Amino acid sequence: MDTNIPEVSLKELLKLKKVFLNFNYVFIINSLDGRIQYSNPVLPTLLGITQKTIKKLTAVEIIQQFVHPDDQNSSIQAITEVMKGNRIHGLTNRYCLSNGTYQQFSWMLIPIPTEGVFYAIACPTADGTIPNNKAADQPDIRIHSIFHNISDYFYVLDNSWKFVYVNGSAAQLFLSSKKEKILGKYYWDIFPESDDLYFLKFTEAKLTQKHIYFEAFSVLSCGWVRVNVYPSPEGLSVYFRDISDQKCLEKSLADEQKRLHAILDGLPGLVYLRTSEGNVVFANHKFKEIQGEPANKKCFELLFNRNRPCKDCNMESKTQTYGPLQWQCIIKDVIYEVYQHPFEDIDGTQLFLMQLLDITKRKLAEEEIGRLDRLNLVGELATSIAHEVRNPMTTVRGFLQLLKSKNISQENAEYFDLMISELDRANGILNEFLSVAKTNAKLRTPVKLNNLMDSLYPLIMSDATNQDKHVVLEAENVPELMLDEREMRQLVLNLTRNGLEAMSPKGTLTIRTYQTKDSIVLEVKDQGSGISQEILERLGTPFQTTKKGGTGIGLSTCFNIAERHNAKIEVITSPSGTKFIVRFKSRP
């Protein structure tokens, strides 16, 4: 707990200046070199001069011109002390008024070093003497009976700032703190320094004749107190109680709130607290980072740029659900899982803790798992069906060849050739099915990708020439990779043939090999019309094809071969062509 004595703020002093403007207390602001910066109308009016005239004089010049000769030395000495930074309390002197009579004043001089000034506050006393409130010297028995035995602290000051009543609790507090009795002493005798805030508050209450209360640290109890000041024509009644325990509790609550906010800040995803109407009263760091400061705006305005609540929150329903809820939503192309937890604040306000977790990657993973499940199903079907179908097909092909070898006419021979070629085509499709189903790792050997491309280039070039298309091979020097050469040949031929089939005549197919920081790359780029977004999302799925008469097995086989070699296939497409990029991890 902070135990520093509260100092007077500039705000309090300016407030006091406004108060003194309308009352009969003298209030003057002097610079520390003695020049007058401000004076309220009280002293100039009594002296018969204008405010403009008094501002041309120094404090010492005013004393020499208007103060009684017997009081001048003590008054000038007080000015010298306050210029050194010392407070002056209880200075009394007599001023010559415009009618030739003398008026006695009781002064308090307060230096404000941070502002380079000191404040002079004076109360004119009646008949040239400090009034003596005899009624206050003999406190009413009713006051004594009410206040003397209460545990809170209570004392009374008369108009001359003299202690005229102190209850039992306050008397014990003063005695234990000051080691002296205070009844009959002046306020500044007991508190000669370090209590400017109290004095200014007491003065404000006395001038405005309005009840004032404030909280401050007390040098008496060495703790925090709540002070109530009740003014009356006879003086001030001051009632205060120790609130140190309350301050400790408030600090504990503030610390607990900081810890709670730290926990909420550390939670994953976007976390915020909203009211039943949707106003965001707290947001964690991640929320502010993405959505900006909430500024008590509605959650549906911040997240969805809407002017009405979302249907999932049920804000518009008269029977709003106050149990935990969970749903999913999309914000700026990001998929979130939303958790809503209702609770009541300490004041009974209904609040909702909202947590939004980014599940975009999870959704993509689920889609990938679904794709792999479909591939696995196709593999199982391919394995079971292909073996069952190939055996009778082999038998039929053999008998067709046998019949063809007999003495038959040339016309019938063409029919036999057609049937055998169609059986071979069907057998080729079954082989592709079986390649999809293969999952067992085969023996891999060191293979130079460039040597593989050189061996396949004549075959690829032949296919391109037959289709009136061109092939460009750009091979950089790349290191060896551990590959299944037969599967790599199949992958390259599938990608290049797909590229050739996607292009119109005169188109160019570009094949590149190169090395990046952590991978060896095979790149096949065509000049076709590109792949639609709908097809692109399902690319590699069996039976997904855009070719007339295609099976959709070729690309699926490529993705499977790449996966078995721990490689990745990236697809970049546009209306001017498509690029397939196969990235193999470099050998350590």
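Reading the values: the criteria
- Residues numbered from 1 in each chain as written.
- Predicted model: local features only at pLDDT ≥ 70, side-chain atom pairs only at ≥ 80, totals over all residues.
- Heavy atoms only, no water.
- Axes fitted to C-alpha atoms, helices over the stretch in contact; angles between N-to-C directions.
- Helix = DSSP H or I, 4+ residues; strand = E, 2+ residues; numbered from the N terminus.
- Parallel < 35°, antiparallel > 145°, perpendicular 65-115°, else oblique.
- Contact = heavy atoms within 4.5 Å.
- Pairing = 2+ DSSP bridges.

Caption draft 1: Structural view of the packing of helix α4 (residues 59-66) against helix α5 (residues 69-83). Between α4 and α5, the shortest axis-to-axis distance is 10 Å and the interhelical angle comes to 170°. Classified by the interaxial angle, the pair formed by α4 and α5 is roughly antiparallel. Contacts from Ala59, Val60, Ile63 and Gln64 in α4 reach Gln72, Ser75, Ile76 and Ile79 in α5.

Caption draft 2: The sheet that holds strand β21 (residues 568-574), seen in detail. If you trace the 5 strands from one edge of the open sheet to the other, you get β17-β19-β20-β22-β21, paired in mixed fashion. Sheet topology places β17 (470-475) and β21 at the edges, where each strand pairs with a single neighbour. On average, adjacent strands in this sheet sit at an angle of 15° to one another, irrespective of strand direction. For strand β19 (residues 508-515) and strand β20 (residues 519-525), the ladder comprises 6 bridges, and the chain directions are antiparallel. Bridging across to β20, Tyr514 finds its partner in Val521. Where helix α16 (residues 449-466) meets the sheet, it contacts β17, β19 and β20, and its direction lies at approximately 170° from that of β17.

Caption draft 3: Local environment of the sheet that holds strand β7 (residues 163-166). The antiparallel open sheet is built from 5 strands, whose spatial order is β7-β6-β10-β9-β8. Each end of this open sheet is capped by a strand with a single partner; those strands are β7 and β8 (212-218). Here the strands of the sheet are splayed against their neighbours by 25° on average, with no regard to which way each runs. Relative to strand β10 (residues 235-242), strand β9 (residues 223-232) runs antiparallel, the two being bridged by 8 bridges.

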